[in-house]
Amino acid sequence: MKRLLFIFLVCFLGASLIVAAGPKKAEAKAYVFKFAHSQPLTSPRHRSMLFFEEILEKASGGRIAVELFGGGVLGTESEVMDMVKVGNLQGTRGGLFAKANKKFLFYTLPFLFDDTKQVLKVMRGPFGVKIAEGAKKNGFYIPATGVAGGFRQFTNNTRPIETPADIKGLKMRTPPIDSIVRTMKAIGASPQSVPYKETYMALKTGVVDGEENPASNITEMKFYEVQKYFTIVNYQVHPDPLFVNLAWYKGLPGDLKNIFDAVAKAAIIYSDTVWLSSEKDYINFLEKKLKVNVISPENRKLFIEKVKPVWTYYINQGLFTQAEIDEARAIAAGM
């Protein structure tokens, strides 16, 4: 944590020096950054955006005012993404990253990474920057990308999931993310699209049998209250880009762009650290609420075999290449 604070201080002090060299506050135009998301106010995402708000307003000398709206109060993730794209809002974070750039689905290839450290190596380097740059053609600027919690797991109300045979036929709630839908179909489940905020009631009323999410989301959204089984499968991670309206960002003067970028990167590092460091605590909590099982190495191979067609599909569609997969794996392995 001390090391993390040191990183934040470096980002903050660097931004502050830029402010000192920029125009005087009395002569500067004020900018408003309205940000909305669907997670609870207690979530790591919201906490990291409170950090973002505090540091950005200080570092900009008050020239950028941040307004935060959590808990989905301004609409669904899809609605909020559209609001950011057209400029009615200036920023968001959430699961519809493919709307910004379909290449973000790369991170979600099932069983691509062994641990989250590997994911961060790829995201924070040139490989990740290139994917983020591709969002500009769709009206989004992405100064930083993190991970949306730890690996994604399964919960359901029917039975423990040990092998692909156990998930066959289960109605699993999925977000409208193509790679998840294809993965669920590949392993035999029946994917059901349900908005994030409506998932709790869908589980409670039996509209769906189960869902997939990181332990943090399962806890924060209280899905454990309406589920019986929790399966640790570590099948996928999700990127967590900070989506910014490109036109709004382009309208900032150069000094504020530098400040915004520095604070955004610090906030995403803060988010990653809080989210990932708390994931074990979330799992420990869920172990007290649900019947937990961990997929064995032998059974993990069965899942990996089942999802091979998902990888093949994206390669055949030209969305990713085998060369890109090999490159990312080499980066992840530290080669």
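First, a word on scope: everything that follows refers to the structure included in this document.

Looking now at the pairing of strand E9 (residues 210-214). Of all 5 residues in E9, 5 are buried; the element is thus mostly enclosed. The alternating pattern of E9 places Gly210, Glu212 and Pro214 on one face and Glu211 and Asn213 on the opposite face, and all of these are buried. Sheet analysis places strand E6 (residues 152-156) next to E9, joined by 5 bridges and oriented antiparallel. For arginine 152, the partnering residue across the bridge sits in E9 and is proline 214.

Relative to strand E2 (residues 64-69), strand E1 (residues 31-36) runs parallel, the two sharing 6 bridges. From the neighbouring strand, phenylalanine 35 faces E2, where its bridge partner is leucine 68. Note on the crossover from E1 through helix H2 (residues 44-59) to E2: the handedness is right-handed. In this sheet, strand E3 (residues 91-92) lies alongside E1 in parallel orientation, the contact comprising 2 bridges. Bridging from a neighbouring strand, alanine 36 pairs with threonine 92 of E3.

Let us now look at the packing of helix H4 (residues 116-123) against helix H14 (residues 322-332). Packing of H4 against H14 brings their axes to within 8 Å, and their N-to-C directions diverge by 115°. For the pair H4 and H14, the crossing hand works out as right-handed. For the pair formed by H4 and H14, the contact residues are Gln118, Lys121 and Val122 on the first element and Ala328, Ile331 and Ala332 on the second. Its residues assigned to classes, the contact of H4 with H14 comprises 4 nonpolar, 1 polar and 1 charged.

The rules behind these values
- All residue numbers here refer to positions counted from 1 along the written sequence of the relevant chain.
- A pLDDT threshold of at least 70 governs which residues receive local features in this predicted model, and a stricter bar of 80 or more applies before side-chain atom pairs are shown or counted, although totals over entire chains, interfaces and linings include all residues.
- Values shown for side chains rest on all heavy atoms present in the structure; no hydrogens or waters enter the calculation.
- Throughout, exposure labels follow a simple rule: accessible area from a 1.4 Å probe, protein chains only, divided by the maximum for the residue type, with under 20% read as buried, over 50% as exposed, and the rest as partly exposed.
- Where helices and strands are cited, they refer to DSSP runs of H or I of at least four residues and of E of at least two residues respectively, numbered from the N terminus.
- For two strands to pair, DSSP has to find at least two bridges joining them.
- Orient the strands so they point away from the viewer; a crossover is then right-handed if the path from the first strand over the helix to the second runs clockwise.
- To get an axis, fit a line to the C-alpha atoms, keeping to the stretch in contact for a helix; angles then go from 0 to 180 degrees between the N-to-C directions.
- Put simply, a crossing is left-handed when the front helix is turned counterclockwise from the back one by less than a right angle, and right-handed when it is turned clockwise.
- Two residues qualify as a contact provided that any one of their heavy atoms is within 4.5 Å of a heavy atom in the partner residue.
- The classification used treats Ala, Val, Leu, Ile, Met, Phe, Trp, Tyr, Cys and Pro as nonpolar, Asp, Glu, Lys and Arg as charged, and all other residues, Gly among them, as polar.

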